[in-house]
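# Chains, contacts and geometry: an overview
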Amino acid sequence: MSSMSNEEDIYEEHVMDHYEDPYHRGKCPQHTHEHEDDNPLCGDVVSVELRIDRGGNIAEAWFDGDGCCISQASASMLMEAIEGKSTVEVQQFTAEQMLQLFGPRLTPNRQKCCLLPWRVVQAAIFSPVDGNDDDRPPGKGMEGPNLGEEQ
Amino acid sequence: MNISTIRLPLEPNSWRADFPILSRPVRDGQPLVYLDNAATTQRPRQVIQAIVDTYENHYANVHRGIHWLSDQSTDLFEDARQKISKFINANSEQEVIFTTGTTMAINLVARSWGDANIRTGDEILLTEMEHHANLVPWHQLQERTDCRLRHIPITDDGQLNLATLDTLLTDRTRLVSITHVSNVLGTINPVAEIVARAHAAGAIVLVDAAQSAPHSPLDVQQLDADFVAFSGHKMMGPSGVGVLYGKQSLLEAMPPFLGGGNMIRRVKLDRFEPADLPAKFEAGTPPIVPAIGLGAAIDYLLQVGLQKIHDYEQVLTQYAHETLGRIPEFHSLGPAPERKAGIVSFTMDGIHPHDVAQLLDRHGIAVRAGHHCAMPLHKKLGITASSRASFYFYNTPAEIDQLAAALEDALRVFRRR
């Protein structure tokens, strides 16, 4: 019907692959940290379970959720990207870097979809599950993600 | 329905020529298919010209200047009020209050009438299909007065379950505030019947006519509604202007809402006396040019014919249900087409509504996706969001064919085909 010459295709192969065959969608065995949030404007929900080892590294990252292609694909990409990283590295991973990781350029409205999993991860590293209070990531306190970077 | 053999109640293409934006290409040179009319409509040249003409030739502040231009501006502004008064068959222009839109109109009633009349334990009856604009002002009134909010439930096919009215209307019910047409389901509610039953129970009625006033004849006296609210921008007028109709006796008994210039008779350092209607509820400089533009939109609407618009949109809705209904993954929300206005909200199996809207946008098709400011309704329907195609008289059956083809294309992107 139409040519797509002048714009980047959000629904490119890489995105659709993550959407249809996501990395680590499900429960994280023996997870130490978890968080869930939604985007009430569109109803997208993402929950993240992390297993953070004693050295402060993300040993495993899993997500679950419900929402548009962008929010779910970006969650999958993010899980893949943060495994093996230290919590400090994850904290330093900016919203801008998340948008770059996703790939196709997004309008401000759809950036919110893409950044939902990133927001959840930034909160999850500060959210130990019951009985794991000692596993707080080293370094920073409880101030949470810098939402000012979200556009 | 064989659309090519049907005698259409109006010829959309003869009106489309008046709307410059409808012939502009969008994105990479595609024709615009504008199906987001429940959010806001487009404007014909006649309305745009009335706005330009006012600014170029007649603009000054209203009701103030002892100068020639101010008189001209005031005349045009008050002409618009008169047009609106006739358009809705109000008893007099005193009953037509200019607001910034439906939202402000409902807030005006909640603040002014609500604060003066609602006491702890009083009941306000709403419905499960209301727009946030007809929910949140009542939540706020509830916070101020500890009144009780109750809701007429909807049936499985998205109509009001009026069998519940007998128990929901009690001797504590002071106000029933309902939408005439659901902005999501398209359901046309039997407002006259609800008004009669509410009045019999001693309650007054506010009708949110944002989705009905632009699309079908509206006679406030025939409905016997106590308040009616609607917006200019959903009926080809500018944004920033809307109307609150209220019965004169009610408006006279209500305290002013916003305080400031124009709404006063006289002001002393320690007190004020409010002006007469309608100025009493129009503090500050009103939306002068938007109101004049709305007057021009009403002239245009009357030229097209409200009954014809309604009848034509019925044909479009029927055709949309038939055409889109052939797509197995398509599921429409709300009642059968003969019971709804030109609003077709839907879900597509396997594709989130935002993705649907984004993929339609590739084809130059504008629809809305999300909760359409009706989160409680979506929760009731068991979904978080939907896509919505909404029509006006300038839409064509061919555009519905394009929508169907674009939905098929979306399914291919999501590899469901």
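Residues numbered from 1 in each chain as written. Chains lettered and ligands numbered in written order. Predicted model: local features only at pLDDT ≥ 70, side-chain atom pairs only at ≥ 80, totals over all residues. Heavy atoms only, no water.

## Digging into the overall build of chain B
Spelled out, the test is: A run of H or I in DSSP counts as a helix once it spans at least four residues, and a run of E counts as a strand once it spans at least two, with each numbered from the N terminus. Atoms counted for the radius of gyration: C-alpha only. Globule rule: 2.2 Å times the number of residues to the power 0.38. Exposure classes here rest on a 1.4 Å probe applied to the protein chains alone. A residue is buried below 20% of its type maximum, exposed above 50%, and partly exposed in between. Contacts were defined at the residue level, with two residues in contact if any of their heavy atoms lie within 4.5 Å.
Of regular secondary structure, chain B possesses 14 helices and 17 strands. A compact globule built from 417 residues should have a C-alpha radius of gyration of about 22 Å, and chain B, at 22 Å, falls within 12% of that. Seen through its principal axes, chain B has C-alpha atoms that stretch 75 × 55 × 35 Å. Within chain B, buried positions represent 59% of all 417 residues. Once local pairs closer than 6 in sequence are excluded, the contacts in chain B between residues at least 24 apart make up 71%.

## Here's the deal with the sheet that holds strand S14 (residues 343–348) of chain B
Backbone hydrogen bonds are what pair the strands of a sheet, in a parallel or an antiparallel way. All names here are of chain B. Spelled out, the test is: Two strands are counted as paired when DSSP detects at least two bridges linking them. Axis geometry follows a simple rule: fit a line to the C-alpha atoms, using only the stretch in contact for helices, then measure angles between N-to-C directions, giving values from 0 to 180 degrees.
One open sheet holds the four strands; their spatial order is S13-S14-S17-S16, and the pairing between them is antiparallel. A single partner strand is all that each edge strand has here, and the edge strands are strand S13 (330–332) and strand S16 (368–370). In this sheet, neighbouring strand axes are inclined to one another by 30 degrees on average, regardless of whether the strands run parallel or antiparallel. Direction of pairing for S16 relative to strand S17 (residues 386–390): antiparallel, over a ladder of three bridges. Its bridge partner lying in S17, Ala 369 is registered against Ser 387. Contacts from helix H11 (residues 306–324) reach S13 and S14, with the element oriented near 15 degrees to S14. Across the face of the sheet, helix H12 (residues 353–361) comes into contact with S14, S16 and S17 while running at roughly 160 degrees to S16.

## A few points about the packing of helix H2 (residues 69–82) of chain A against helix H5 (residues 108–124) of chain A
Residues and elements named next belong to chain A. Stated formally: Working rule for handedness: look at the near helix, and if it is turned counterclockwise from the far one by less than a right angle, call the crossing left-handed; if clockwise, right-handed. Classification convention: Asp, Glu, Lys, Arg as charged; Ala, Val, Leu, Ile, Met, Phe, Trp, Tyr, Cys, Pro as nonpolar; all other residues, Gly among them, as polar.
Where H2 contacts H5, the two axes come as close as 8 Å, and the packing angle between them is 40 degrees. Between H2 and H5 the crossing geometry is right-handed. Listed contacts from H5 to Ile 70, Ser 71, Ser 74, Ala 75, Leu 78, Met 79 and Ile 82 of H2 are Arg 110, Cys 113, Cys 114, Pro 117, Trp 118 and Val 121. Residue composition of the contact of H2 with H5, grouped by class: 10 nonpolar, two polar and one charged.

## Remarks on the state of the cysteines
Residue and element names in this part refer to chain A. Spelled out, the test is: Throughout, a disulfide means two cysteine sulfur atoms within 2.5 Å of one another.
The final tally for this structure, using the stated rule, is zero disulfides over all chains. Its sulfur unpaired, Cys 69 is 7.0 Å from the next cysteine sulfur, which belongs to Cys 68. Judged by relative accessible area, which is 0%, Cys 69 ranks as buried. Free cysteine: Cys 113, not disulfide-bonded; nearest cysteine sulfur from Cys 68 at 3.8 Å.

## Focus on H2(A)
Residue and element names in this part refer to chain A. Short version of the rule: By definition here, a helix of n residues has an expected span of 1.5 Å times n minus one.
A rise of 1.5 Å per residue sets the reference length of H2, with its 14 residues, at 20 Å; its end C-alpha atoms lie 20 Å apart and thus fit the reference within 8%. Counting buried positions along H2 yields 12 of 14 residues, so the element is predominantly enclosed. Residues of H2 that are buried: Cys 69, Ile 70, Ser 71, Gln 72, Ala 73, Ser 74, Ala 75, Ser 76, Met 77, Leu 78, Met 79 and Ile 82.

## Side note on the interface of chain B and chain A
Let me state the cut-off plainly: Summed over both partners, the accessible surface that disappears when two parts come together, traced with a 1.4 Å probe, is what is meant by buried area. Whenever a carboxyl oxygen of Asp or Glu lies within 4 Å of a side-chain nitrogen of Lys or Arg, that contact is scored as a salt bridge.
Counting residues at the interface gives 22 residues for chain B, matched by 26 residues for chain A. For the pair chain B and chain A, the summed buried surface comes to about 1900 Å²; carbon and sulfur atoms form 50% of the total. Contact with chain A buries surface across chain B, with Gln358(B), Arg362(B) and Arg415(B) losing the most and accounting together for 30% of the total. At the boundary of chain B and chain A, one finds two salt bridges.

## Comments concerning helix H4 (residues 102–117) of chain B
Between its first and last C-alpha atoms H4(B) spans 21 Å; for 16 residues at 1.5 Å apiece the expected length is 22 Å, and the two agree. Residues of H4(B) that are buried include every one of Thr102(B), Met104(B), Ala105(B), Ile106(B), Asn107(B), Leu108(B), Val109(B), Ala110(B), Ser112(B), Trp113(B) and Gly114(B), and no others.

## As for the side chain of Glu282(B)
Residue position: Glu282(B) is located in the loop between strand S12 (272–274) and helix H10 (288–304). Sequence-distant contacts of Glu282(B), defined by excluding residues within four places in its chain, comprise Phe77(B), Arg81(B), Val96(B), Ile97(B), Phe98(B), Gly261(B), Asn262(B) and Met263(B).

## Let's talk about the domain arrangement of chain B
Residues and elements named next belong to chain B. Stated precisely, the cut-off is as follows: What marks off one domain from the next here is an automatic or database domain assignment.
Taken domain by domain, chain B holds domain 1 (12–31 + 305–413) and domain 2 (48–303). Placing the centre of domain 1 and that of domain 2 at their C-alpha centroids yields a distance of 28 Å. In this complex, domain 1 contributes 34 residues to the contact, which on the side of domain 2 involves 33 residues. Across the interface of domain 1 and domain 2, roughly 2700 Å² is buried in total on both sides, 64% from carbon and sulfur atoms. Of all residues in domain 1, Leu 306, Leu 377 and Tyr 392 give up the largest surface area on contact with domain 2, accounting jointly for 24% of the area buried on that side. Across the contact surface, domain 1 and domain 2 share one salt bridge. The shortest N-O distance in the salt bridge between Glu 128 and Lys 380 comes to 3.1 Å.

## What about the environment of Arg64(B)?
Residue and element names in this part refer to chain B. Note on placement: Arg 64 falls in the loop between helix H2 (45–58) and helix H3 (68–87). For Arg 64 and Asn 262, which are 198 residues apart along the polypeptide, the C-alpha to C-alpha distance reads 8.7 Å. Ignoring sequence-local partners within four residues, the contact set of Arg 64 consists of Ser 70, Gly 261, Asn 262, Gly 284 and Thr 285.

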